[in-house]
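# Close look at the chain arrangement
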Amino acid sequence: MQLTDRSKQVSNKEMTLAEKIYLPAIATGMAITIKHFFQKKVTIRYPEVKRYLGPVFRGRHVLKRDAEGRERCTACGLCAVACPAEAIQIVAEERKKGEEHLYREEKYAAIYEVNMLRCIFCGLCEEACPKQAVYLRHDEFVPVFTERDQVIWGKDMLTENMNNRYLRKAWTREEAQEQNLIEARGDDAEFVPRAIP
């Protein structure tokens, strides 16, 4: 009984002298090796050179601040609702008198936590945020965890540092290549990044 029609007939023909001494096979293999030897290398010298991850890469979470340093998050909870992995927890509180320099709106997130083991980096929290407060960095990976207490990220790890603001320097591969050329030349021409609103 035949189970498939893809069966092949195997022939037990005698090998020729050239096939027995394997010279044609060795020559073919050497030709392939020599061809690849002169092609452009695909490896990069990391960490000196970093590969452009693309405009859609989603990495480390960041809670943005506005130009005055106030937190943008209003604890509306849309990011937590949109998260399919249920990795975000928010506790809202009312802003007290005298805290206008800390928070933009009257309601703010007293506790904003992301469970990095549950997060699947889908970016739905970023898309759901009406205040553009949640971003997943395109240029930075999440560090490796070694302890359990490093898994839950609170506002202390998520809130943006005003001295090191997250500016997206390149939104496309062409912009990234232009920026790399300017940095490699070291000239005075400055690449102006498109800021996040």
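Summarised in this report is the structure supplied together with it. Treat the numbers as computed from the prediction; the structure is a model and nothing was measured.

Procedures and definitions
Residues numbered from 1 in each chain as written. Predicted model: local features only at pLDDT ≥ 70, side-chain atom pairs only at ≥ 80, totals over all residues. Heavy atoms only, no water. Helix = DSSP H or I, 4+ residues; strand = E, 2+ residues; numbered from the N terminus. Rg over C-alpha atoms; globule rule 2.2 N^0.38 Å. Buried < 20%, exposed > 50% of the residue type's maximum accessible area, 1.4 Å probe, protein only. Core = buried A, V, L, I, M, F, W, Y, C linked by side-chain atoms within 4.5 Å. Contact = heavy atoms within 4.5 Å. Patch = residues over 30% accessible without salt bridge, like charges linked within 9 Å, V, L, I, M, F, W, Y side chains within 5 Å. Areas by Shrake-Rupley, 256 points an atom, 1.4 Å probe, with all protein chains shown as cover. Salt bridge = Lys/Arg side-chain N within 4 Å of Asp/Glu carboxyl O. Phe/Tyr/Trp six-rings, centres within 6.5 Å; stacked < 30°, edge-to-face > 60°. Pairing = 2+ DSSP bridges.

Turning next to the overall build of the protein chain. Secondary structure assignment for the protein chain yields 6 helices and 5 strands. Order of helices (α) and strands (β) in the protein chain, N terminus to C terminus: α-α-β-α-β-β-α-β-β-α-α. Over its C-alpha trace the protein chain gives a radius of gyration of 27 Å, far above what one expects of a compact globule, namely 16 Å for 197 residues. Among the 197 residues that make up the protein chain, the fraction classed as buried is 28%.

A separate point is the nonpolar core. The biggest cluster of nonpolar side chains holds 20 residues, and the ones touching the most others in it are I88, Y112, V114, C125, V134 and L158. Those elements that provide at least two residues to this core are β3 (107–115) and β4 (134–136). Looking at which element gives the most residues to this core, the answer is β3, with 3 residues. Beyond its immediate stretch of four places on either side in the chain, L158 contacts H61, V62, L63, Y112, V114 and W153.

The subject of this paragraph is a nonpolar patch on the surface. Together, M15, L17, I21, Y22, L23, I26, M30, I34, F37 and F38 line one region of the surface with nonpolar side chains, adding up to about 1,200 Å² of accessible area. Elements represented by at least two residues in the nonpolar patch include exactly α1 (17–21) and α2 (23–37). Examining the composition of the nonpolar patch, we find that 5 residues originate from one element, α2, more than from any other. Inspection of the secondary structure puts F37 in helix α2.

This part takes up the packing of aromatic side chains. Given two aromatic rings, one states the distance between the centres and the angle between the planes to describe the pair. Throughout the structure, instances matching the rule amount to 3 aromatic pairs. Measuring from centroid to centroid gives 5.3 Å for F37 and F38, while their planes differ by 85 degrees, and the two rings are edge-to-face. The two residues F37 and F38 agree in class, both being exposed. An angle of 75 degrees between the planes, with centres 5.2 Å apart, marks the rings of F57 and F141 as edge-to-face. Of this pair, F57 sits in the loop between α2 and β1 (61–63) while F141 sits in the loop between β4 and β5 (152–153), placing them 84 residues apart in sequence. You can call F141 exposed: its relative accessible area is 52%.

The next point concerns the sheet that holds β3. Here we have 3 strands laid out as an open sheet, ordered β2-β3-β5, and antiparallel in their pairing. Each edge of the open sheet carries a strand with a single partner, namely β2 (88–94) and β5.

Examined bridge by bridge, β2 and β3 share 7 bridges and lie antiparallel to one another. Residue pairing in the sheet places E93 in a bridge with Y108 of β3. Examined bridge by bridge, β3 and β5 share 2 bridges and lie antiparallel to one another. Along β5, the bridge assignment pairs N115 with I152.

Looking now at unusual backbone geometry. Of note in this structure, E86 is not a glycine but carries a positive phi near 55 degrees. Along the chain, E86 falls in the loop between α3 (78–82) and β2. Despite not being glycine, Q132 has its phi angle at roughly 50 degrees, a positive value. The topology assignment puts Q132 in the loop between α4 (124–128) and β4. Residue classification places Q132 among the partly exposed positions, given a relative accessible area of 34%.

Between side chains of opposite charge, a pair can form as their charged atoms come close. Tallied over the full model, the rule gives 9 salt bridges. Look at the salt bridges and you will find they share partners, linking D66, E68, R70 and R104 into a network.

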